[in-house]
Amino acid sequence: MGESTAKTAGTPQGRTAAAPGSTGSTTLDGARDADRAQPRRTLLLGRLRAPRRPRLWFEILLIGISYWIYSLIRNAVPEQRSVALRHADWVWSVEHHLGLAVEHGVNHAVNSVTWLIVGMNYYYATLHFIITIGVLVWLYRRHPERYGPARSVLFLTTLLALIGFWAFPLAPPRLMPGKGFIDTVAVHHTWGSLSQGSLSHVSNQYAAMPSMHIGWSLWCGITVVTLARPLWARIMGALYPLFTLSVIISTGNHFWLDAVGGALFLAVGYALVSWLYGRWVYRLPRVAPHL
């Protein structure tokens, strides 16, 4: 017994030494795993943030598929007419409460000038797409290192807008009964009405909040003002969202609060993409020229 006790008494030092060794091994293993994970995360972020030239075929395919999916989902949102009209009444009352319910007066005033309202109808139906694609092409050719992040802002904002269409169906002013708004496309029989003919069956009439006409035009304006060199181009870039705002109100397609919604969704898109890339999307390093 005494011998056994002596042996037992003689081993605590060894046991004490072994225990820290065991704990230290676990700690070191965890530290090594963390050290290995950190470089992997850094490597992934580094690859994401590294300037690169976009591939034309991929961008064309991405834009085509993305817009097709956007249209499909947007138009698949249930057309909740009663809810959308109730929301429109609420928006209209809020604007009255703020003393800024200007849509009715603007709609009637501009409609009295035929050439102007007809031009605005065509502007609403076409430039929304033409100018956005034009800015994407210009960005692709002149600023390839900023193209990917800036394009991602546009796509993310549009994706977030789908959530807005679903969560807050909203009738445009022109579809509000008894409020006296003029559907200028229907009155002047101009091309592009989504509420007339066969297009009315494939387009969601109650996806007014947020206004993607404003979201996209602001994206175009910010991109051009930030990156273009000619003064005239920067001026046109700054004016384009303002022109678009006047058009969406004059034609009875949106409340000005829809425009605020479009701007807020775009701000979220910029914030998320800038956070992902670690800097403002238009301040990424330039791509080294080919030798």
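Describing the nonpolar core
And step 1. By size, the foremost hydrophobic cluster in this structure holds 53 residues, and its most contacted members are V153, F165, L170, W219, F255, Y270 and Y282.
And step 2. Looking at this core, the elements with two or more residues in it are α4 (81-98), α6 (114-142), α7 (144-167), α9 (212-227), α10 (231-250) and α11 (256-277).

Here we look at the layout of surface pockets
Where empty space is left can be seen by rolling a probe of water-molecule size over the atoms.
And step 1. Looking at the second largest pocket, its volume works out to about 590 Å³.
And step 2. For the second largest pocket, the lining is made up of 24 residues, of which I63, S66, Y67, L136 and F155 are closest to its centre.
And step 3. Of all the secondary-structure elements, those providing two or more residues to the lining of the second largest pocket are α3 (56-76), α6 and α7.
And step 4. Broken down by element, the lining of the second largest pocket gets its largest block of residues, nine residues, from α3.
And step 5. For the lining of the second largest pocket, a count of residues per class yields 19 nonpolar, four polar and one charged.

Let's talk about the pattern of salt bridges
And step 1. Applying the stated criterion to the full structure yields three salt bridges.
And step 2. The residue K179 makes a salt bridge to D89 at a minimum N-O spacing of 4.0 Å. Of this pair, K179 sits in the loop between α7 and α8 (184-188) while D89 sits in helix α4; the two residues are 90 residues apart in sequence, bridging distant segments of the chain.
And step 3. One salt bridge connects R146 with E145, and the closest N-O pair in it is separated by 3.7 Å.
And step 4. A relative accessible area of 9% means that R146 is categorised as buried.
And step 5. With a relative accessible area of 5%, E145 lands in the buried category.

Overview of the packing of aromatic side chains
And step 1. One pass over the structure, following the stated rule, counts nine aromatic pairs.
And step 2. Relative to Y240, the ring of Y123 has its centre 6.4 Å away and its plane inclined at 40°; by these criteria the two rings are tilted. Taken as a pair, Y123 in helix α6 and Y240 in helix α10 lie far apart in primary sequence, 117 residues in all.
And step 3. Looking at Y123, the relative accessible area reads 16%, which means it is buried.
And step 4. Among the aromatic side chains, those forming a connected cluster through ring pairs are W92, F181 and F255.

Procedures and definitions
Residues numbered from 1 in each chain as written. Predicted model: local features only at pLDDT ≥ 70, side-chain atom pairs only at ≥ 80, totals over all residues. Heavy atoms only, no water. Core = buried A, V, L, I, M, F, W, Y, C linked by side-chain atoms within 4.5 Å. Buried < 20%, exposed > 50% of the residue type's maximum accessible area, 1.4 Å probe, protein only. Helix = DSSP H or I, 4+ residues; strand = E, 2+ residues; numbered from the N terminus. 1 Å grid on protein atoms, 1.4 Å probe; cavity = no way out; pocket = protein on both sides within 12 Å on 5 of 7 lines; lining within 4 Å. Points joined across faces, edges and corners; volume = space filled by probe spheres on them. Nonpolar A, V, L, I, M, F, W, Y, C, P; charged D, E, K, R; others polar. Salt bridge = Lys/Arg side-chain N within 4 Å of Asp/Glu carboxyl O. Phe/Tyr/Trp six-rings, centres within 6.5 Å; stacked < 30°, edge-to-face > 60°.

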